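The lines below spell out each chain.
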Amino acid sequence: MGLTIALNRGRILKECMPLLEAAGIRPEEDIYGSRKLVFKTVDGDHRLVIMRGSDVPTYVAYGAADVGITGKDTLLEYRGGGGFYERLDLGIGRCRIMSAAPVGAGLNQSPLTVATKFVNIAEEYYESKGRHVSIIKLSGAMELAPLMNLADCIVDIVDTGNTLRANGLEPLETIAEISARLIVNHASMKTRFDEVQHLIERLRQNLVER
Ligand code: PRP
């Protein structure tokens, strides 16, 4: 049995599959046209497991997957304790976690009400700034919160900035630079060292060549 590799479905999956394929990890069937969640690979007897990004660290930490690929935002937000090493920056899925507010908003309120799905990241950030905040957890479409007077500002992923602009918001502070990372289960790093290292080296080589 080869490695079990947990992959973040969606945008990161689309960007990381060419990297995996160049490293010799090719699914036996079309990942995108299927509702299946587990795919065997053509060579190496590996398994690709497709899941929500926020579940990737959990599967890898518990050893249900040897290796995982997900966004740094997910890793920063994860509070499941250790269990994995972050071994490679894949340089894909680049974006930022930023605070944003309606254009021209003063944001002098205290506490400042912040809507986000990145509760831990936001809490740590504002605490480091000594800013008194009240955090409201949302699941998506954070841009709505200031428009609907649910929150003064948001902490969210910003890529092109189009979503902010389209909703009358402006980016304020950059909280973290994000890209997709490869993580490895602690035990797998020891017991499957050769296979894991081989994968990392092949991925790294392709990154350098790109
Ligand atoms: C993210 C984020 C913003 C948008 C930013 O949402 O939450 O809404 O992308 O991108 P932009 O700066 O290029 O406009 P995503 O589409 O990933 O969906 P999500 O709400 O499920 O996270």
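Predicted model only: the values in this text are computed from it and were never measured.

Thresholds applied
- Counting restarts for each chain: residues are numbered from 1 in the order of the written sequence.
- In keeping with the predicted nature of the model, local features appear solely for residues at pLDDT of at least 70, side-chain atom pairs appear and are counted solely at 80 or more, and the whole-chain, interface and lining totals rest on all residues.
- Where side-chain values are given, they derive from all heavy atoms of the structure, hydrogens and water being excluded.
- At least two bridges found by DSSP between two strands is the condition for calling them paired.
- Secondary structure is summarised from DSSP: a helix means a run of H or I of at least four residues, a strand means a run of E of at least two, and numbering begins at the N terminus for each.
- As a rule, the C-alpha atoms of each element are fitted with a line to give its axis, helices using only the stretch in contact, and angles between N-to-C directions run from 0 to 180 degrees.
- Should any heavy atoms of two residues lie within 4.5 Å, those residues are counted as being in contact.
- Near residues are defined by distance, with any heavy atom within 4 Å of the molecule or strand qualifying the residue.
- In the analysis that follows, any N or O atom pair within 3.5 Å is treated as a polar contact, provided that within protein one partner can donate a hydrogen and the other can accept it, and provided that, for residues neighboring in sequence, both atoms belong to side chains.
- All accessibility values rest on the Shrake-Rupley procedure with a 1.4 Å probe; residue burial counts only the protein chains present in the view.
- The way it works is a 1 Å grid over only the protein atoms, where trapped points that fit a 1.4 Å probe form a cavity and open points with protein on both sides within 12 Å along at least five of seven lines form a pocket, and then any residue with an atom within 4 Å of a point lines it.
- Think of it this way: if more than half of a molecule's atoms are within 2 Å of a pocket's grid points, that molecule is in the pocket or cavity.
- Note that the domain bounds were set by an automatic or database domain assignment.
- Throughout, the accessible surface (probe 1.4 Å) given up by two parts as they are put together, summed over both, is called the buried area.
- Counted as salt bridges are all cases of a side-chain nitrogen of Lys or Arg within 4 Å of a carboxyl oxygen of Asp or Glu.
- Buried means the residue's accessible area, taken with a 1.4 Å probe over protein chains only, is under 20% of the maximum for its type, while exposed means over 50%, and partly exposed covers the values in between.
- The definition of a nonpolar core used throughout is a set of buried Ala, Val, Leu, Ile, Met, Phe, Trp, Tyr and Cys residues joined through side-chain atoms within 4.5 Å.

Draft legend 1. Local environment of the sheet that holds strand β3 (residues 47–51). With mixed pairing, the six strands of this open sheet are ordered in space as β2-β3-β1-β4-β11-β5. Strands at the two margins of the open sheet, each flanked by one partner only, are β2 (38–40) and β5 (84–89). Taken pair by pair, the neighbouring strands of this sheet meet at an average axis angle of 25 degrees, ignoring direction. As paired elements, strand β4 (residues 67–71) and strand β11 (residues 180–185) share five bridges and run antiparallel to each other. What sits directly across from Gly 68, in β11, is Ile 183. Running over the sheet, helix α1 (residues 11–22) touches β1 (4–8), β3, β4 and β11 and is turned about 140 degrees from β1. Sitting on the sheet, helix α8 (residues 193–209) is in contact with β1, β4, β5 and β11, with an inclination near 25 degrees to β5.

Draft legend 2. Fine view of the site of the ligand. Every residue lining the ligand is accounted for by Arg 11, Lys 117, Glu 143, Asp 156, Ile 157, Val 158, Asp 159, Thr 160, Gly 161, Asn 162 and Thr 163. At 3.0 Å, a side-chain N or O of Arg 11 approaches an oxygen atom of the ligand. Between the ligand and Gly 161 there is a distance of 2.7 Å, counted from an oxygen atom to a backbone nitrogen or oxygen. Relative to its free-state accessible area of 500 Å², the ligand is covered by the protein chains to the extent of 67%. Using a 2 Å cut-off from the grid points, one finds that the ligand occupies the largest pocket. Elements supplying a minimum of two residues to the shell around the ligand: β9 (153–158) and α6 (162–166). Take the shell around the ligand: its biggest share by element is three residues, from β9.

Draft legend 3. Spotlight on the domain arrangement of the protein chain. Structurally, the protein chain comprises domain 1 (4–93 + 179–209) and domain 2 (95–177). Placing the centre of domain 1 and that of domain 2 at their C-alpha centroids yields a distance of 29 Å. Facing nine residues of domain 1, the contacting portion of domain 2 comprises twelve residues. When domain 1 packs against domain 2, the two sides together hide about 750 Å² of surface, and 45% of this comes from carbon and sulfur. When residues of domain 1 are sorted by the area they lose upon contact with domain 2, Asp 73, Glu 77 and Arg 79 head the list and together hold 62% of the total. On inspection of domain 1 and its partner domain 2, the count reaches two salt bridges.

Draft legend 4. How the structure looks around the pattern of salt bridges. What the rule picks out here adds up to eleven salt bridges. Residue Arg 26 is joined to Asp 43 by a salt bridge in which the shortest nitrogen-to-oxygen separation is 3.3 Å. Here Arg 26 is found in the loop between α1 and β2, whereas its partner Asp 43 is found in the loop between β2 and β3, with 17 residues between them in sequence. Of the residues examined, Asp 43 reaches a relative accessible area of 40% and is grouped as partly exposed. Residue Asp 66 pairs with Arg 192 through a salt bridge whose shortest N-O separation is 3.5 Å. Taken as a pair, Asp 66 in the loop between α2 (56–61) and β4 and Arg 192 in the loop between α7 (186–191) and α8 lie far apart in primary sequence, 126 residues in all. Across this residue pair, the class does not change: Asp 66 and Arg 192 are buried. Put simply, Lys 72, Glu 86, Asp 89 and Arg 181 are held in one network by salt bridges that share partners.

Draft legend 5. Seen up close, the nonpolar core. If you look at the biggest cluster of nonpolar residues, it comprises 29 residues, and the most contacted ones within it are Leu 7, Leu 20, Ile 69, Leu 182, Leu 199 and Leu 203. When residues of this core are assigned to their parent elements, the largest contribution, six residues, is made by α1. If near-sequence neighbours (up to four positions away) are discounted, Leu 20 is found in contact with Leu 7, Ile 25, Ile 69, Leu 199 and Leu 203. Listed in part, the 16 residues of the second largest apolar core include Ile 97, Ala 101, Val 114 and Ile 178.

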